[in-house]
2 protein chains.
Amino acid sequence: MKTEPDFDLRQFLPYLLNQAAEQASLGFQTLYKSRSGMLRTEWRVLFHLGRYGEMTAKEICARGRLHKTKVSRAVAKLETRRFLQRHVSPEDKRAEHLKLTSAGLAAYADLSAQAQEFDRKLTAKLTPAQDQALRQALQVLAKL
Amino acid sequence: MKTEPDFDLRQFLPYLLNQAAEQASLGFQTLYKSRSGMLRTEWRVLFHLGRYGEMTAKEICARGRLHKTKVSRAVAKLETRRFLQRHVSPEDKRAEHLKLTSAGLAAYADLSAQAQEFDRKLTAKLTPAQDQALRQALQVLAKL
DNA sequence: GGATAATAGTTGAAAATGTAACTAACAAGG
DNA sequence: CCTTGTTAGTTACATTTTCAACTATTATCC
């Protein structure tokens with residue numbers, strides 16, 4: 001007596017997405033964790049600053065869809081490790097402009113190279129058509 | 001002076017996967033959380049038992065790629081809510097067969113119907129071809 | 001100008017997760 | 001049988017995450 005006999009968890013999109021995302025993140029996590037001792041949110045912040053330049057915590061939250069407490073703590077850790085510096089904004093003294101130090105830039109250069117390599121390896125598991133369709137579809141789904 | 005000027009975080013596959021997965025999970029989470037007060041791991045366990053029938057915690061771990069401590073705690077919660085019952089296996093007294101109660105089956109019926117509806121809504125954002133390619137690609141990536 | 005509301009970011013406590021050590025039961029080899 | 005090793009599941013502890021309250025500053029609007 002099944003109400004929905006044809007429901008398959010393994011075809012449920014949120015489930016599939018999670019499995020794939022977890023698998024992918026895990027693989028990369030071991031890489032950057034061992035290389036830099038950073039946590040996920042930390043390298044995300046690092047990546048944003050490295051790639052898009054100086055910005056405030058709020059901007060990082062918006063771009064990366066991260067909660068402000070997560071970002072706040074990640075920034076604090078990156079600061080104690082001398083990967084970034086804070087400058088109170090002259091226009092708005094509540095906000096702080098965040099900027100990578102040279103050590104931060106070096107870490108970013110290293111990790112982004114690793115990331116690219118990792119991405120290539122992942123992509124290699126897919127056909128070019130699959131890869132393209134995947135990225136398009138993911139972008140649609142991420143934007144809701 | 002960028003070492004890797006063409007690295008785009010938003011094209012980084014693990015990042016994309018995470019964004020899409022989080023977005024999708026969040027949407028569904030609000031649904032089942034408000035409807036049943038369950039946590040993610042709890043309804044996953046519920047789904048496995050509802051869909052595939054009686055099994056042990058170990059089997060749920062293997063099928064869902066969940067850590068045994070997570071499953072152990074989820075099972076405990078589902079038990080206190082009278083959604084499932086445990087029966088020590090006669091063949092191996094360490095193992096417990098887990099079985100949904102009628103309340104558990106009812107919750108499963110409700111949530112799986114919700115899940116199907118949610119999946120349809122998500123899928124509607126994609127073209128049929130995109131949807132198919134996405135699912136194929138995700139299955140490849142999840143299996144690594 | 002001065003009250004009120006909104007915003008950037010921090011912090012503390014509660015909930016969740018991961019890690020590792022643990023108990024109890026089984027398995028295998030002598 | 002009895003030591004050694006393995007396995008199912010739980011529990012304790014450390015780390016992370018989330019939620020709510022808080023500070024300091026800016027914006028609104030009467």
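Residues numbered from 1 in each chain as written. Chains lettered and ligands numbered in written order. Predicted model: local features only at pLDDT ≥ 70, side-chain atom pairs only at ≥ 80, totals over all residues.

### A word on the overall build of chain A
If you tally the helices and strands in chain A, you get 6 helices and 3 strands. Helices and strands in chain A line up, N terminus first, as α-α-β-α-α-β-β-α-α. The principal-axis extents of the C-alpha atoms in chain A amount to approximately 65 × 35 × 25 Å. Burial statistics for chain A: of 144 residues in total, 33% are counted as buried. Nonlocal contacts in chain A, meaning residues at least 24 apart in sequence, comprise 51% of its contacts between residues at least 6 apart. (Helix = DSSP H or I, 4+ residues; strand = E, 2+ residues; numbered from the N terminus. Buried ≥ 20, exposed ≤ 12 C-beta atoms within 10 Å, placed from the backbone. Contact = placed C-beta atoms within 7 Å.)

### Focus: the protein's contact with DNA strand D
Taken together, 19 residues lie near DNA strand D, and Lys 93 of chain A together with Ala 57, Lys 58, Ser 72 and Arg 94 of chain B sit nearest. Elements supplying a minimum of two residues to the surface near DNA strand D: α2 (40-52) and α4 (68-80) of chain A together with α3 (57-64) and α4 (68-80) of chain B. Ranked by residues supplied to the surface near DNA strand D, first place goes to α4 of chain B with 4 residues. (Near = placed C-beta within 6 Å.)

### What about the sheet that holds strand β3 (residues 96-100) of chain A?
Residues and elements named next belong to chain A. Spatially, the 3 strands line up as an open sheet ordered β1-β3-β2, and their pairing is antiparallel. Because the sheet does not close on itself, it has two edges, and the strands there are β1 (55-56) and β2 (84-88). Two elements, β2 and β3, share 5 bridges in a ladder whose sense is antiparallel. Residue Arg 86 lies in a different strand from β3, and its bridge partner there is Leu 98. (Pairing = 2+ DSSP bridges.)

### Some remarks on the interface of chain B and chain A
Facing 43 residues of chain B, the contacting portion of chain A comprises 43 residues. Mapped onto the side of chain B that touches chain A, the elements with two or more residues apiece are α1 (13-36), α2 (40-52), α5 (102-123) and α6 (128-142) of chain B. For the side of chain B that touches chain A, the residue count by class is 25 nonpolar, 12 polar and 6 charged. (Nonpolar A, V, L, I, M, F, W, Y, C, P; charged D, E, K, R; others polar.)

### Digging into the protein's contact with DNA strand C
The environment of DNA strand C is made up of 20 residues, and the closest members are Ala 57, Lys 58, Ser 72 and Arg 94 of chain A together with Lys 93 of chain B. The element contributing the most residues to the surface near DNA strand C is α4 of chain A, with 5 residues. Here the surface near DNA strand C is built from residues that sort into 4 nonpolar, 6 polar and 10 charged.

### Notes on the confidence of the model for chain A
Summary statistics for chain A give a mean pLDDT of 92 and a share of 96% for residues scoring 70 or more. Mean pLDDT across the elements of chain A bottoms out in helix α1 (residues 13-36) of chain A (90) and peaks in β3 of chain A (98). (pLDDT = per-residue confidence, 0-100.)

### A look at the relation of the copies chain B and chain A
Mapping chain B onto chain A is achieved by rotating through 179 degrees and translating by 0.0 Å along the same axis, at an RMSD of 0.2 Å. Accordingly, the operation relating the two chain copies is best matched by a two-fold axis. Distance from the rotation axis, computed per C-alpha, reaches its smallest value in chain B at Leu 134 of chain B: 2.5 Å. When you check the interface residues of chain B against chain A, 100% turn up at the interface there too, and the contact is symmetric in its surfaces. (Least-squares fit on C-alpha atoms with pLDDT ≥ 70 in both.)

### Regarding the packing of α1 of chain A against α6 of chain B
Viewed as axis vectors pointing N to C, α1 of chain A and α6 of chain B meet at an angle of 40 degrees, and their least axial separation amounts to 8 Å. As the angle between them shows, α1 of chain A and α6 of chain B are arranged oblique. Where α1 of chain A crosses over α6 of chain B, the two elements pack in a sense that is left-handed. In contact with Leu 16, Leu 17, Gln 19, Ala 20, Gln 23 and Ala 24 of chain A of α1 of chain A, α6 of chain B contributes Arg 135, Leu 138, Gln 139, Leu 141 and Ala 142 of chain B. (Axes fitted to C-alpha atoms, helices over the stretch in contact; angles between N-to-C directions. Parallel < 35°, antiparallel > 145°, perpendicular 65-115°, else oblique. Left-handed = near helix turned anticlockwise from the far one by under 90°.)

### What about unusual backbone geometry?
Positive phi, close to 60 degrees, is recorded for Arg 82 of chain A, a residue that is not glycine. Within the secondary structure, Arg 82 of chain A is located in the loop between α4 and β2.

### Re the sheet that holds strand β1 (residues 55-56) of chain B
Residues and elements named next belong to chain B. Sheet architecture is open: 3 strands sit in the order β1-β3-β2, paired in antiparallel fashion. Each having just a single partner strand, β1 and β2 (84-88) make up the two edges of the open sheet. Pairing between β1 and strand β3 (residues 96-100): 2 bridges, direction antiparallel. Paired with Thr 56 across the strands is His 97, a residue of β3. Its contacts with the sheet put α2 on β1, β2 and β3, and the angle it makes with β3 is roughly 85 degrees.

### Re α6 of chain B
In this model α6 of chain B runs 21 Å from its N-terminal to its C-terminal C-alpha over 15 residues, within 8% of the 21 Å that 1.5 Å per residue would give. For α6 of chain B, the complete set of buried residues consists of Ala 133, Leu 134, Ala 137, Leu 138, Leu 141 and Ala 142 of chain B. Seen along its axis, α6 of chain B keeps its buried residues to an arc of 155 degrees; they face one direction. Away from its buried face, by an angle of more than 90 degrees, α6 of chain B presents the exposed residues Pro 128 and Ala 129 of chain B. Residues of α6 of chain B that are buried make contact with α1, α5 (102-123) and α6 (128-142) of chain A. (Expected span 1.5 Å × (residues − 1). Arc of directions from axis to C-beta.)

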